[in-house]
Amino acid sequence: MLEMSDTVEPVHPAATVVLVRDGEEGLETLLVQRSKAVAHMGGMWVFPGGRVDEGDYPPDRDEYVAALNAAIRETREEAGLEISSEQLAYLSHWTTPEGARRRFSTWFFLAVLEDGQEVTVDGGEIAHHRWVRPQQAFAELADREHPFRLMPPTFVSLVDIADYHDSDAAAAALGQRDAIIYRPRMVFVE
(Lines give C-alpha, C1' and ligand atoms only; values in the text may rest on other atoms or scores of the structure.)
Protein backbone atom coordinates (compact mmCIF):
# COMPACT_ATOMS: atom_id res chain seq x y z
CA MET A 1 0.00 0.00 0.00
CA LEU A 2 1.33 3.43 -0.96
CA GLU A 3 1.44 6.16 1.64
CA MET A 4 1.14 9.84 0.69
CA SER A 5 4.94 10.23 0.71
CA ASP A 6 5.31 7.23 -1.62
CA THR A 7 3.25 8.60 -4.54
CA VAL A 8 4.54 7.62 -7.94
CA GLU A 9 5.04 10.40 -10.47
CA PRO A 10 3.13 9.72 -13.73
CA VAL A 11 5.19 9.04 -16.87
CA HIS A 12 4.08 11.23 -19.79
CA PRO A 13 4.62 10.16 -23.41
CA ALA A 14 6.78 12.60 -25.42
CA ALA A 15 8.67 12.87 -28.71
CA THR A 16 11.88 14.61 -29.76
CA VAL A 17 13.47 15.19 -33.18
CA VAL A 18 17.22 15.21 -33.79
CA LEU A 19 17.26 17.33 -36.95
CA VAL A 20 20.46 17.16 -38.99
CA ARG A 21 21.71 18.90 -42.11
CA ASP A 22 24.97 19.27 -44.00
CA GLY A 23 26.87 22.44 -43.10
CA GLU A 24 30.09 23.81 -44.54
CA GLU A 25 32.19 21.73 -42.13
CA GLY A 26 30.03 18.60 -42.10
CA LEU A 27 27.01 17.34 -40.21
CA GLU A 28 25.18 19.86 -38.01
CA THR A 29 22.20 19.42 -35.72
CA LEU A 30 19.56 21.86 -34.56
CA LEU A 31 19.48 22.73 -30.87
CA VAL A 32 16.89 25.05 -29.35
CA GLN A 33 17.31 26.76 -25.99
CA ARG A 34 14.37 26.63 -23.63
CA SER A 35 13.54 29.99 -22.09
CA LYS A 36 15.07 30.51 -18.67
CA ALA A 37 11.59 31.53 -17.47
CA VAL A 38 10.19 28.04 -18.20
CA ALA A 39 10.03 25.90 -15.06
CA HIS A 40 10.97 22.58 -16.68
CA MET A 41 14.53 22.55 -18.11
CA GLY A 42 14.71 26.36 -18.35
CA GLY A 43 17.91 27.50 -20.09
CA MET A 44 18.77 24.02 -21.38
CA TRP A 45 19.74 23.38 -24.99
CA VAL A 46 17.59 20.56 -26.36
CA PHE A 47 16.28 19.13 -29.60
CA PRO A 48 12.76 20.23 -30.64
CA GLY A 49 10.13 18.12 -28.92
CA GLY A 50 7.56 17.83 -26.19
CA ARG A 51 4.64 15.91 -24.74
CA VAL A 52 2.29 13.82 -26.82
CA ASP A 53 -1.08 15.62 -26.86
CA GLU A 54 -4.45 13.92 -26.97
CA GLY A 55 -4.90 15.12 -30.57
CA ASP A 56 -1.73 13.27 -31.63
CA TYR A 57 -3.34 9.86 -31.08
CA PRO A 58 -4.91 8.08 -34.05
CA PRO A 59 -8.30 6.37 -33.56
CA ASP A 60 -6.62 3.04 -32.65
CA ARG A 61 -4.56 4.80 -29.89
CA ASP A 62 -1.24 3.54 -31.33
CA GLU A 63 1.44 5.11 -29.11
CA TYR A 64 4.18 4.99 -31.75
CA VAL A 65 2.03 6.79 -34.33
CA ALA A 66 1.06 9.33 -31.66
CA ALA A 67 4.79 9.91 -30.99
CA LEU A 68 5.42 10.44 -34.73
CA ASN A 69 2.54 12.94 -34.86
CA ALA A 70 3.84 14.75 -31.76
CA ALA A 71 7.35 14.91 -33.23
CA ILE A 72 6.01 16.57 -36.39
CA ARG A 73 3.78 18.97 -34.44
CA GLU A 74 6.45 19.94 -31.89
CA THR A 75 9.03 20.57 -34.64
CA ARG A 76 6.56 22.94 -36.31
CA GLU A 77 5.65 24.67 -33.01
CA GLU A 78 9.18 25.03 -31.61
CA ALA A 79 11.25 25.55 -34.75
CA GLY A 80 8.79 26.53 -37.48
CA LEU A 81 9.92 23.56 -39.62
CA GLU A 82 7.71 21.20 -41.61
CA ILE A 83 8.74 17.55 -41.58
CA SER A 84 6.90 14.34 -42.43
CA SER A 85 6.69 10.91 -40.84
CA GLU A 86 8.64 9.51 -43.83
CA GLN A 87 11.65 11.62 -42.76
CA LEU A 88 11.67 10.23 -39.21
CA ALA A 89 13.90 7.31 -38.20
CA TYR A 90 13.42 5.87 -34.70
CA LEU A 91 16.73 6.58 -32.96
CA SER A 92 16.17 5.84 -29.25
CA HIS A 93 13.70 5.80 -26.39
CA TRP A 94 14.35 7.37 -23.00
CA THR A 95 12.35 6.98 -19.78
CA THR A 96 13.07 9.54 -17.07
CA PRO A 97 14.34 7.84 -13.90
CA GLU A 98 12.15 7.25 -10.89
CA GLY A 99 12.55 10.04 -8.36
CA ALA A 100 12.55 12.85 -10.94
CA ARG A 101 9.99 15.63 -10.43
CA ARG A 102 8.64 15.16 -13.96
CA ARG A 103 8.89 11.88 -15.83
CA PHE A 104 8.65 11.26 -19.55
CA SER A 105 8.69 8.28 -21.88
CA THR A 106 10.29 9.90 -24.93
CA TRP A 107 10.73 8.64 -28.48
CA PHE A 108 13.78 10.21 -30.17
CA PHE A 109 13.66 10.42 -33.96
CA LEU A 110 16.33 11.40 -36.48
CA ALA A 111 15.35 13.55 -39.47
CA VAL A 112 17.41 15.05 -42.28
CA LEU A 113 16.43 18.60 -43.20
CA GLU A 114 17.36 18.92 -46.87
CA ASP A 115 15.15 21.67 -48.23
CA GLY A 116 16.74 24.81 -46.74
CA GLN A 117 13.82 25.76 -44.50
CA GLU A 118 14.61 28.56 -42.07
CA VAL A 119 14.21 27.99 -38.33
CA THR A 120 11.84 30.32 -36.49
CA VAL A 121 11.41 30.19 -32.72
CA ASP A 122 8.57 31.84 -30.82
CA GLY A 123 10.69 33.69 -28.25
CA GLY A 124 8.38 32.32 -25.53
CA GLU A 125 9.00 28.69 -24.57
CA ILE A 126 11.97 28.59 -26.96
CA ALA A 127 14.35 31.54 -26.65
CA HIS A 128 17.09 30.77 -29.19
CA HIS A 129 18.24 28.24 -31.75
CA ARG A 130 21.48 27.25 -33.40
CA TRP A 131 22.88 24.69 -35.81
CA VAL A 132 25.95 23.11 -34.25
CA ARG A 133 28.41 20.36 -35.08
CA PRO A 134 28.49 17.75 -32.29
CA GLN A 135 32.24 18.31 -31.84
CA GLN A 136 31.62 22.03 -31.28
CA ALA A 137 28.98 21.24 -28.65
CA PHE A 138 31.43 18.94 -26.85
CA ALA A 139 34.11 21.67 -26.89
CA GLU A 140 31.64 24.16 -25.42
CA LEU A 141 30.66 21.70 -22.69
CA ALA A 142 34.29 21.63 -21.60
CA ASP A 143 34.48 25.45 -21.41
CA ARG A 144 33.81 26.29 -17.75
CA GLU A 145 33.67 30.07 -18.39
CA HIS A 146 30.74 29.82 -20.83
CA PRO A 147 28.47 27.01 -19.62
CA PHE A 148 26.57 25.12 -22.29
CA ARG A 149 23.86 23.09 -20.58
CA LEU A 150 22.60 19.80 -22.02
CA MET A 151 20.42 17.06 -20.57
CA PRO A 152 21.85 13.50 -20.72
CA PRO A 153 19.57 12.34 -23.60
CA THR A 154 20.69 15.35 -25.68
CA PHE A 155 24.36 14.64 -24.96
CA VAL A 156 24.03 10.92 -25.79
CA SER A 157 22.16 11.72 -29.02
CA LEU A 158 24.99 14.07 -30.01
CA VAL A 159 27.44 11.23 -29.36
CA ASP A 160 25.26 8.99 -31.59
CA ILE A 161 25.63 11.32 -34.59
CA ALA A 162 29.14 12.70 -33.94
CA ASP A 163 31.07 10.17 -36.05
CA TYR A 164 29.11 10.85 -39.24
CA HIS A 165 30.51 13.42 -41.65
CA ASP A 166 27.22 14.07 -43.42
CA SER A 167 23.50 13.71 -42.81
CA ASP A 168 22.96 10.99 -45.43
CA ALA A 169 25.56 8.75 -43.78
CA ALA A 170 23.98 9.33 -40.35
CA ALA A 171 20.48 8.62 -41.65
CA ALA A 172 21.59 5.48 -43.51
CA ALA A 173 23.46 3.99 -40.57
CA LEU A 174 21.18 5.02 -37.72
CA GLY A 175 18.00 4.34 -39.70
CA GLN A 176 19.07 0.70 -40.14
CA ARG A 177 19.90 -0.11 -36.52
CA ASP A 178 17.39 -0.98 -33.82
CA ALA A 179 16.46 1.92 -31.58
CA ILE A 180 18.34 1.95 -28.29
CA ILE A 181 16.16 1.83 -25.18
CA TYR A 182 17.45 3.84 -22.20
CA ARG A 183 16.05 3.42 -18.69
CA PRO A 184 18.51 5.35 -16.53
CA ARG A 185 18.32 5.38 -12.77
CA MET A 186 19.37 8.05 -10.31
CA VAL A 187 22.52 7.46 -8.33
CA PHE A 188 23.57 10.00 -5.71
CA VAL A 189 27.31 10.64 -5.34
CA GLU A 190 29.30 13.09 -3.24
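None of the values given here were measured: they were computed from a predicted structure.

Undergrad: Hey, could you go over the packing of helix H2 (residues 134-141) against helix H3 (residues 152-162) for me, with residue numbers and the actual values?
TA: Close contact between H2 and H3 brings their axes to 9 Å; oriented N to C, the two are set at 135 degrees. In terms of orientation, H2 and H3 fall into the oblique class. The element H2 and its partner H3 pack so that their crossing is left-handed. Contacts between H2 and H3 pair Pro134, Gln135, Ala137, Phe138 and Leu141 from the former with Phe155, Leu158, Val159, Ile161 and Ala162 from the latter.

Undergrad: Provide a residue-level description of the environment of Arg101, including the pertinent values.
TA: Looking at where Arg101 falls in the secondary structure, it is placed in the loop between strand S5 (89-95) and strand S6 (103-112). For Arg101, a relative accessible area of 71% gives the class exposed. For Arg101 and Pro10, which are 91 residues apart along the polypeptide, the C-alpha to C-alpha distance reads 9.6 Å.

Undergrad: Break down the environment of Tyr64 for me, citing the residues and quoting the values.
TA: Within the fold, Tyr64 resides in helix H1 (residues 63-79). For Tyr64, a relative accessible area of 32% puts it in the partly exposed group. Apart from the residues lying within four places of it in its own chain, the contact partners of Tyr64 are Tyr90, Trp107 and Phe109.

The rules behind these values
- Residues numbered from 1 in each chain as written.
- Predicted model: local features only at pLDDT ≥ 70, side-chain atom pairs only at ≥ 80, totals over all residues.
- Heavy atoms only, no water.
- Axes fitted to C-alpha atoms, helices over the stretch in contact; angles between N-to-C directions.
- Helix = DSSP H or I, 4+ residues; strand = E, 2+ residues; numbered from the N terminus.
- Parallel < 35°, antiparallel > 145°, perpendicular 65-115°, else oblique.
- Left-handed = near helix turned anticlockwise from the far one by under 90°.
- Contact = heavy atoms within 4.5 Å.
- Buried < 20%, exposed > 50% of the residue type's maximum accessible area, 1.4 Å probe, protein only.

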